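# Tertiary structure, described
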Amino acid sequence: MNLSRGRASSSILLCALLASCSHPERPDMLAVTDVHSFSNSSQVRVTTVDLDLHVLFDVKTLMGNVILSFTPIDPNADTLVLDTRHLSIEKVEISEDRSKWGDTTFTLGKEDPILGAPLTIKITPSARFARVTYSTSPNASGVQWLTPEQTAGKKLPFMYTQNEAIHARSWMPVQDTPSVRVTYNARVRYPSGMQAVMSATNDQTRTSVTFAGDTVFQLARPIPAYLIALAVGDISFKPAGIRTGVYAEPSLLDSAAKEFEDMGKMIDATEELFGPYRWDRYDVLVLPPSFPLGGMENPRLTFATPTILAGDKSLVSLVAHEMAHSWSGNLVTNATWSDFWLNEGYTVYIERRIIEQIYGKERADMEAVLGRQQLEEEMAHLAPRDQVLHIDLKGRDPDDGATSVPYEKGYLFLLQLEKTFGRERFDNYLRSYFDRYSFQSITTETALAYLKETLLDPNRDLADQIPLDAWINGPGLPVGAPRVHSVLFDKVDDAAKKWNAGSNDIPLAARWSTQEWLRFLNQMPANLGPVGMKRLDDRFHLTASGNDEILAQWLLMTVKQNYQPAYPKLASFLQTVGRRKYIKPIYEELAKTAAGRERALHIYHLARPAYHPIAQSTIDAVLKLTI
Ligand code: BES
Ligand code: ZN
């Protein structure tokens with residue numbers, strides 16, 4: 001199957017003996033074992049990806065070729081092994097100079113349900129380029145194809161990609177491991193009247209050449225394959241600041257640009273704290289509501305759910321989060337998915353610093369308290385091995401590791417460091433970390449070695465207070481994990497007590513933020529019942545809430561409490577919104593009773609075609625469907 005297995009392991013052994021396996025010109029080329037990639041990147045390293053793709057909406061297919069530039073690390077390597085999933089490979093050629101091409105032999109291995117199939121390409125010692133002509137499957141796990149009805153404008157179809165964690169391989173043959181960084185170029189052809197955007201220079205007036213239905217993109221900074229992204233649809237642009245802006249369907253542009261008008265201030269604040277923004281522009285693409293995530297930090301162009309357009313900027317911490325990944329994640333990247341907490345924990349920490357800077361400490365504290373509550377609730381149901389930061393994901397889908405543990409436990413670890421060493425020392429450490437490892441992919445081991453060297457060892461007396469091993473390898477939260485307190489939530493809790501004691505006099509509620517509403521709802525007793533729900537709804541009109549974050553929590557309660565007046569709203573919500581964080585808990589709750597499961601199946605039957613492939617497989621599993 002994989003011709004190079006034996007060789008790969010002997011070269012890893014060699015690397016281990018030599019302590020490192022870096023390429024002389026590319027310090028980022030450290031050999032790392034990634035259990036989620038078939039690629040032989042410790043022998044042959046892909047350095048540039050050149051895509052040339054046609055976007056065929058009619059057949060839900062991307063078709064074209066990719067040229068991979070590669071550098072041999074092991075001079076005896078005679079194959080280049082790439083990751084693929086459900087790709088049709090038509091032809092593979094190799095070249096020394098990118099002008100003369102010759103056919104070569106290749107084998108496509110057996111499909112593994114999680115990893116896809118290795119594409120093993122025979123190479124010669126002097127070959128430096130491989131060109132693969134291929135097309136994608138209409139069911140590619142990393143691509144969603146939307147009909148016009150699933151868009152806001154209802155006139156044109158829409159497509160977009162979502163690569164993290166290991167879906168890049170479903171639309172391009174590539175070394176799909178975050179330990180390999182590539183620069184990329186792309187030429188994308190699509191029906192005229194639409195616009196294509198990528199996580200690359202979308203600034204058509206400058207570096208790329210645009211004409212109807214044919215756009216050229218480039219990104220000259222090395223990134224992992226999970227950050228390559230493409231979207232095509234009825235997409236327009238509106239500036240939100242000097243180096244920030246919004247891409248969206250035309251009807252959403254104005255509200256999105258207004259909602260995100262603080263992005264410029266956020267970047268300025270983050271630069272001030274943690275060093276320069278290395279990606280030039282920062283724009284957000286607002287996707288149709290079936291986008292399965294809240295946000296995805298594609299470089300220069302965050303992809304975001306429209307459910308954060310609350311009208312009052314109350315959900316912009318999601319933008320702060322994705323922007324923070326421009327430092328933690330995109331600049332310094334987890335080398336494997338076991339190191340995912342390096343991406344997400346550091347990012348949640350920076351996100352809350354941004355929120356504190358722009359919207360004040362009280363708001364950041366509320367969000368930290370909500371995060372802690374979510375972590376505790378989720379951890380109560382997780383196996384001990386899934387409660388650790390440095391998680392073992394061998395044989396598992398890396399998406400299994402994307403719980404709140406890497407996010408919120410990671411955050412609390414960094415918060416303890418901040419509190420122990422003081423902000424000044426901690427900020428200096430973070431700034432130097434981003435400089436030292438910029439444009440590199442690192443393991444937990446490397447990150448911890450640097451932490452010891454720069455922060456712990458020079459402050460030994462304080463370092464003794466940090467239970468490092470318990471944080472990184474232990475389940476649960478270490479004793480002494482910091483606890484954030486929210487003064488605003490104290491007031492909400494008082495109001496909730498009064499309400500639960502029967503008083504309808506809650507004057508403060510008129511001015512509550514989204515976070516305060518979430519807290520208030522969290523404080524409702526488990527045995528509220530339909531009567532208690534009706535009392536809340538009559539007083540606060542929650543079923544009619546225009547805020548999707550509040551609505552999702554309310555609808556989850558309606559299922560738990562069997563509050564039938566909200567059922568039509570529940571059905572329409574599940575049929576328009578595909579954000580997994582919202583829909584998964586609701587389907588899970590419905591599936592707990594026979595009647596609920598019936599209702600879930602009925603709704604899901606109508607909703608499923610509009611969900612993204614990864615949301616479909618999540619909900620299929622929740623409802624135990626084999627499709
Ligand atoms: N990088 C993640 C999204 C992701 C994680 C995709 C794991 C695939 C696998 C992104 O930065 C993220 O964390 N998004 C969150 C929102 C955030 C505010 C916590 C989401 O989508 O819910
Ligand atoms: Zn994130």
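Let me begin by describing the structure that accompanies this report. None of the values given here were measured: they were computed from a predicted structure.

Below, the discussion takes up the packing of aromatic side chains. If you walk through the whole model with that rule in mind, you get 34 aromatic pairs. Ring geometry for phenylalanine 520 against phenylalanine 540: centres 5.8 Å apart, planes inclined by 85°, an arrangement best described as edge-to-face. Placement of the pair is phenylalanine 520 in helix H13 (residues 514–522) and phenylalanine 540 in helix H14 (residues 529–540), with a sequence separation of 20 residues. Taken as a pair, phenylalanine 520 and phenylalanine 540 share a single burial class, namely buried. Lying across the ring of tryptophan 101, arginine 131 places its NZ or CZ 4.4 Å from the centre. The ring of tyrosine 359 carries arginine 363 above its face, with NZ or CZ at 4.6 Å from the centroid.

In this section: the packing of helix H17 (residues 580–590) against helix H19 (residues 613–622). Two quantities define a packed helix pair, namely the angle between the axes and the distance from one axis to the other. It is at 10 Å that the axes of H17 and H19 come closest, and there the two elements cross at 15°. When the axis of H17 is compared with that of H19, the two are roughly parallel. Considering the relative orientation of H17 and H19, their crossing is right-handed. Touching Arg580, Ile583, Lys584, Tyr587 and Glu588 of H17 are Ile614, Ala615, Thr618, Ile619 and Val622, all from H19.

Checked against the element boundaries, tyrosine 184 lands in strand S11 (residues 181–189). C-alpha separation for the pair tyrosine 184 and isoleucine 228, spaced 44 residues apart in sequence, amounts to 8.1 Å. What tyrosine 184 contacts, discounting residues up to four positions off in sequence, is Val49, Met198, Ser199, Ala200, Phe217, Gln218, Leu219, Ile223, Ile228 and Ala229. Side-chain polar atoms of tyrosine 184 contact the side chain of serine 199, separated by 2.8 Å.

This part takes up the pattern of salt bridges. Following the criterion strictly, the structure yields 36 salt bridges and no others. Residues arginine 187 and aspartate 214 are paired through a salt bridge, measuring 2.5 Å at the closest nitrogen-oxygen approach. In this pair, arginine 187 is assigned in strand S11 and aspartate 214 in strand S14 (residues 214–224), connecting sequence segments 27 residues apart. Look at arginine 187 and you get partly exposed, because its relative accessible area is 31%. According to the relative accessible area criterion, aspartate 214 is buried, its value standing at 6%.

It is the contact of helix H16 (residues 567–576) with H17, at a shortest axis distance of 10 Å, that shows an interaxial angle of 130°. By the angle between their directions, the pair H16 and H17 is classed as oblique. Crossing angle aside, the handedness with which H16 passes H17 is left-handed. Packed against H16, whose contacting residues are Leu570, Phe573 and Leu574, the element H17 presents Tyr582, Ile583, Ile586, Tyr587 and Leu590 at the interface. Classifying every residue of the contact of H16 with H17 gives eight nonpolar, no polar and no charged.

For the rest of this paragraph, the subject is the pairing of strand S2 (residues 61–72). Taking burial as the measure, the twelve residues of S2 include nine buried ones, the bulk of the element. Pairing of strand S1 (residues 44–56) with S2 involves twelve bridges; the strand directions are antiparallel. Following the sheet pairing, valine 49 is matched in S2 by leucine 68. With antiparallel pairing between neighbouring strands as the criterion, S1 and S2 make up a hairpin whose turn holds four residues, including lysine 60 at a positive phi of roughly 50°. Alignment of S2 against strand S8 (residues 129–135), held across seven bridges, turns out to be antiparallel. Along S8, the bridge assignment pairs methionine 63 with serine 135.

Those protein atoms acting as donors to the zinc ion (ligand 2) are His321 (NE2), His325 (NE2), Glu344 (OE) and Glu344 (OE), and they sit at 1.9 to 2.7 Å. Seen from the zinc ion (ligand 2), its six donor atoms lie at angles of 53 to 159°, and the figure they make is irregular. All donors of the zinc ion (ligand 2) come from a single chain, and their spacing in sequence reads H-x3-H-x18-E. You can see histidine 325 sitting in the loop between helix H4 (317–324) and strand S21 (332–334) and its partner glutamate 344 sitting in helix H5 (residues 340–359), a full 19 residues away along the chain. As far as burial versus exposure is concerned, histidine 325 and glutamate 344 are alike and both buried.

Each value, and the rule that gives it
Residues numbered from 1 in each chain as written. Chains lettered and ligands numbered in written order. Predicted model: local features only at pLDDT ≥ 70, side-chain atom pairs only at ≥ 80, totals over all residues. Heavy atoms only, no water. Phe/Tyr/Trp six-rings, centres within 6.5 Å; stacked < 30°, edge-to-face > 60°. Helix = DSSP H or I, 4+ residues; strand = E, 2+ residues; numbered from the N terminus. Buried < 20%, exposed > 50% of the residue type's maximum accessible area, 1.4 Å probe, protein only. Lys NZ or Arg CZ within 6 Å of the ring centre and 35° of its normal. Axes fitted to C-alpha atoms, helices over the stretch in contact; angles between N-to-C directions. Parallel < 35°, antiparallel > 145°, perpendicular 65-115°, else oblique. Left-handed = near helix turned anticlockwise from the far one by under 90°. Contact = heavy atoms within 4.5 Å. Polar contact = N/O pair within 3.5 Å; in protein donor to acceptor, adjacent residues only side chain to side chain. Salt bridge = Lys/Arg side-chain N within 4 Å of Asp/Glu carboxyl O. Nonpolar A, V, L, I, M, F, W, Y, C, P; charged D, E, K, R; others polar. Pairing = 2+ DSSP bridges. Donors = N, O, S within 2.8 Å, 3.2 Å for Na, K, Ca; no water. Tetrahedral: all angles 85-135°; square planar, octahedral: opposite > 155°, others 65-115°.

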